[in-house]
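Fold and geometry: a report
Okay, here's what each chain looks like letter by letter:
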Amino acid sequence: MNFNLLLSFSVIVCLLGLAFQFSKWFTSGISPRPLPSLSARVTNGIKAITTTFFSGKLINVIQSFFVDILFQKRIFTKSVLRWTTHTLIFTGFVLLFLFHALSDTITASLFSDFQPTLNPYLFLRNLFGFMVITGLALAVYRRISGKKQRLKSATADWAALILIAAIMFSGVLLEASKMSSYSTYQRMIEDYSSFSDDTEEKALEAFWVKENGLVSPHFKELPSSELVAAGREINADSCLDCHASNKTAFLSYSLASVMGPILGSGDGSSQVKIFYALHIFACLAFLCWLPFSKMFHMVSAPINLVIKNVTQDQYSGRSNSLNSQMIGLSACTHCGSCSTECSSNMFYEYFDNDFILPSEKVQYLKKIAAKQIISPEVIKKLQEGLYVCTSCDRCTTVCPSGINLKELFINARYSLLQEGPPETALLSHFSFPLALAQNFVDDHLMALKKVTDIFKSTFTTLADKTEPLTIGHDLYQANNSYSSCYSCQRCTNICPVVRSYDNPAEQLGLLPHQIMYSLGIGDLNLALSSQMIWNCSTCYLCQEHCPNNVELCDIFYGLKNKAIQTIKAGANS
Amino acid sequence: MRYAFFEGCNIPIRIQQYSSSMRTVLEKFNVTLEKIDDFNCCGYPARNVDETAYFLPSMRNMAIAEKKQLDIFVICNCCFASLQKTKNILDTNRALRDKLNLILQKEGLTYTGKTEIKHFLTVLHDDLGVELIRSKLTLNFKDLRLAVIQGCHILRPREITRFDDAFIPQITDTLLGTLGISKLDWQGKLECCGAALAGINNDLSKKLLQEKLDGAQTAGADYIMPICSYCYLQFDTAQKELSEENNHDELLPVLLFPQLLGLCLGIEAQHLGLTENRTITTANVDQLLALLAPPEEDKKKRKKKAVTA
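What you are looking at is a predicted structure, and each value in this text was computed from that prediction instead of being measured. (Residues numbered from 1 in each chain as written. Chains lettered and ligands numbered in written order. Predicted model: local features only at pLDDT ≥ 70, side-chain atom pairs only at ≥ 80, totals over all residues. Heavy atoms only, no water.)

Considerations on the side chain of Ser10 of chain A
Residue and element names in this part refer to chain A. Of note, Ser10 is situated in helix 1 (residues 3-27). Classification of Ser10 by relative accessible area gives buried; the value is 3%. Contacts of Ser10, omitting those with residues within four sequence positions, involve Leu284, Leu287 and Cys288. (Helix = DSSP H or I, 4+ residues; strand = E, 2+ residues; numbered from the N terminus. Buried < 20%, exposed > 50% of the residue type's maximum accessible area, 1.4 Å probe, protein only. Contact = heavy atoms within 4.5 Å.)

Topic: the pattern of salt bridges
Tallying each qualifying case throughout the model produces 33 salt bridges over all chains. Here Arg499 of chain A makes a salt bridge to Glu191 of chain B, at a shortest N to O gap of 2.6 Å. Placement of Arg499 of chain A in the loop between helix 24 (490-494) and helix 25 (504-508) and of Glu191 of chain B in the loop between helix 9 (171-178) and helix 10 (202-218) is noted, with the two residues assigned to different chains. Where salt bridges share partners, they join Lys210, Glu211, Arg232 and Lys247 of chain A into one cluster. (Salt bridge = Lys/Arg side-chain N within 4 Å of Asp/Glu carboxyl O.)

A word on the nonpolar core
The biggest cluster of nonpolar side chains holds 178 residues, and the ones touching the most others in it are Leu559 of chain A together with Phe73, Phe120, Phe141, Leu146 and Leu260 of chain B. Residue contacts for Leu260 of chain B: discarding those within four places in its chain leaves Phe141, Leu144, Leu146, Leu176, Leu179, Ile181, Met225 and Leu255 of chain B. Leu88, Phe355, Cys399 and Leu416 of chain A belong to the second largest nonpolar core, which has 50 residues in total. (Core = buried A, V, L, I, M, F, W, Y, C linked by side-chain atoms within 4.5 Å.)

Section: the packing of aromatic side chains
All names here are of chain A. Inspection of the entire model under this criterion finds 31 aromatic pairs over all chains. An angle of 45° between the planes, with centres 5.8 Å apart, marks the rings of Phe123 and Phe250 as tilted. Residue Phe123 is located in helix 7 (residues 121-145), and its partner Phe250 is located in helix 12 (residues 250-263); the two are separated by 127 residues in the primary sequence. The exposure class assigned to Phe123 is partly exposed, which follows from its relative accessible area of 32%. (Phe/Tyr/Trp six-rings, centres within 6.5 Å; stacked < 30°, edge-to-face > 60°.)

Examining the domain arrangement of chain B
All names here are of chain B. Segmentation of chain B into domains returns domain 1 (2-119) and domain 2 (138-293). Measuring from the centre of the C-alpha atoms in domain 1 to the corresponding centre in domain 2 gives 24 Å. With 24 residues of domain 1 at the contact, the number on the domain 2 side is 30 residues. Between domain 1 and domain 2 the total buried area reaches about 2,400 Å² when both faces are included, carbon and sulfur atoms providing 69% of it. It is Gln17, Tyr18 and Asn77 in domain 1 that bury the most area against domain 2; as a group they hold 25% of the surface buried on that side. Our count for the domain 1 to domain 2 interface comes out at 0 salt bridges. Across the contact surface, domain 1 and domain 2 share 6 residue pairs in polar contact (both at pLDDT 80 or more). Sorting the residues of the side of domain 1 that touches domain 2 by element identifies helix 1 (10-14), helix 2 (16-27) and helix 4 (77-92) as the ones contributing at least two each. The greatest single-element share of the side of domain 1 that touches domain 2, amounting to 7 residues, is contributed by helix 4. Residues belonging to the side of domain 1 that touches domain 2 are distributed by class as follows: 12 nonpolar, 9 polar and 3 charged. (Domains from an automatic or database assignment. Buried area = accessible area lost by both parts, 1.4 Å probe. Polar contact = N/O pair within 3.5 Å; in protein donor to acceptor, adjacent residues only side chain to side chain. Nonpolar A, V, L, I, M, F, W, Y, C, P; charged D, E, K, R; others polar.)

A few points about the environment of Val11 of chain A
Positionally, Val11 of chain A belongs in helix 1. For the pair Val11 of chain A and Leu284 of chain A, spaced 273 residues apart in sequence, the C-alpha separation works out to 8.1 Å.

Quick notes on the confidence of the model for chain B
On average, residues of chain B score 95 in pLDDT, and 96% of them are at 70 or above. Across the assembled chains, the prediction reports ipTM 0.95 with pTM 0.93. (pLDDT = per-residue confidence, 0-100.)

Some words on unusual backbone geometry
The linkage connecting Asn119 of chain A with the following residue, Pro120 of chain A, adopts the cis geometry, with an omega of 10°. Note that the residue after Arg156 of chain B, namely Pro157 of chain B, is joined by a cis bond; omega there is -10°. Structurally, Pro157 of chain B can be placed in the loop between helix 7 (152-155) and helix 8 (158-161). With phi around 55°, Gln312 of chain A is a residue other than glycine that occupies positive phi space. Inspection of the secondary structure puts Gln312 of chain A in the loop between helix 14 (297-311) and helix 15 (317-330). The phi dihedral of Asp352 of chain A is positive, around 55°, even though this residue is not glycine. Structurally, Asp352 of chain A can be placed in the loop between helix 17 (345-351) and helix 18 (358-369).

See below:
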């Protein structure tokens, strides 16, 4: 098929894909509030860019270009091995793209004497290829040897590695097969040579067989050194001006010298064709695949890093906050750095919910932003995952792409709480940093009301307070120290929560000593129905002051666990 | 001395000056606090939800320290209590220990219970000792009216925390005494800052905080010093919000122990992150510096020494 046709097709696919991705930056978003209009988002985006360029912030852009994008400091500070791997692939690949793939446009216009067969170009092409291949080898090594816990990106990673490897190896094999190919050699001779006699022609061929990896049907054995020496002179006179020694293309030459007979068998023309097709196909496939895969980070991550450097995660208004959020989402490579360092990692292990890991949340938030339909079960798990977060912000600190995960998760959390089922984890100390940060205060209170209501309705039904108290058989077994309670009420008298209410018995449902009493008479639901347990400040004064060593505060914790289990079981039944 | 430094989740992102001033101060005593990136949350936030989920994270942290053959050095009271509670449970409940060890073994960790959990006050008071600290002090405070809030979770339940006398705690006051800061009795010193209720019952949380602020101010405190990072955030961050709600009540400025100790060791204020405390102004720093003077050798003590010698 026509190369230009294929190339045009791939470029169009790539451009359309990029346009689609860019449009999402300004149209989608995750927020508990309605999204601003497209025009507001674009206008504010442009405004922010212009302000940056006409203010002292330009220096940040320049600094970020060198430090974050070219040097990739964020990766360097986390792991030197990982940085080496990424830098080798990144540098080699970008340089090959600019000076080899775009050689007609870029290299030729920069260097007037450019010839792909001359040095330093011939050598550098191999050097860059070598860098990428070494990087790929390190990447494979990292994945096989040091497989970290809670790393979940395997499939997409391998796909990217395999595609880049396909480009690199097909390229090296193409060059090696050209070196060995007799037909390629003949074409060069026809195009460029003017021999005075056959001996010259034979001498030159002998030299290329000996020194440049050519496989010729005329030389089954290695040619004699006199012939090679004669060929060397002709080569110096006629060829060297346009074609440097193949040995400087060290990768391809080594391959050609090892695999020459295979690569150049026959006249080698079919091998050249095959590897050319493979190389072109791999490159164009990569181009088409780029906007739709993790490789889009080549575009979005640098932009996101610059934004981070300039804004320091403080945005001018909601439009730009959402624009940055979407750029950030598209910059995630699912590398798992956030999840390996997530402070909630053991909650993930215990609750068996992938969404507790930040990297897994992000993959689904991409879907939510794209308005894909997600089942209520998944939403519920995602909501829990968003809530079981210690707000340590480590994910945001370590993300190599500089994604503002913290803000993304805050928005997602309250966005989901608005629509989703009541979230029991709200009634935990995970809420402390959220209250401190004062984000979406009203949304928090509404979600809190939703979950408190479900507790009230569940346990008021279970514990009918209009009936007289009777001895029940519902014993609380997790901690039976309540059986020593003799109702001296010291716990209630010392409780800072009880004293904070004008009418505590009514407002808190049951007082601490009454809860112990409910347990004592075997009425667990009565104890669970009390608002007191959720308002316990966990100060342990009651427990410390109890003359009979009743572990009140510990029992309250146990009752809270039990109440949450009951609600969850009810929701799942 | 070398410890595995457990900073928890709040300190590295919200109270960096607590750990940085702690490091600066402990360097003077040749104590190395090793930063361990692998540490995770102590489990505390999950305690209302599921008690076993609350144990597992602390267990992993202790297993990591155990692998490094280090004891754990903790600043935050809630982290301290979680680690101590977990240790206590795992050392008595072998079945639970074995069950949870299966999860840790996936990453080559095992908990056997060799690591000790040390609150920074214990390290200063017992491991270094008051005399050693006193010998390094170049300055002392004169008339600093400081209210200490101990925080619930280092004192109670005493069988678990095994830190100090739960009713009449001495350690903090003794350490402050060496800095020339005399004990200030105030209503609420041993009580709750309200942090555990923030986000669950904000009104009650603020009420408890206000009660402590009033108690300290009534007793004439010019500054308050929380030990726990949760108390700190209540006093330093939530107090500001509370003051805005209450027609801009005057703020009770908040200090941290290593900052005070650092000043007495002659470390410059800017190396102790004092102004990173949101309630501390440069005027406060100047006032604190003005209260510092070289320690006078106590005559009575000198006499005592002579007698005992």
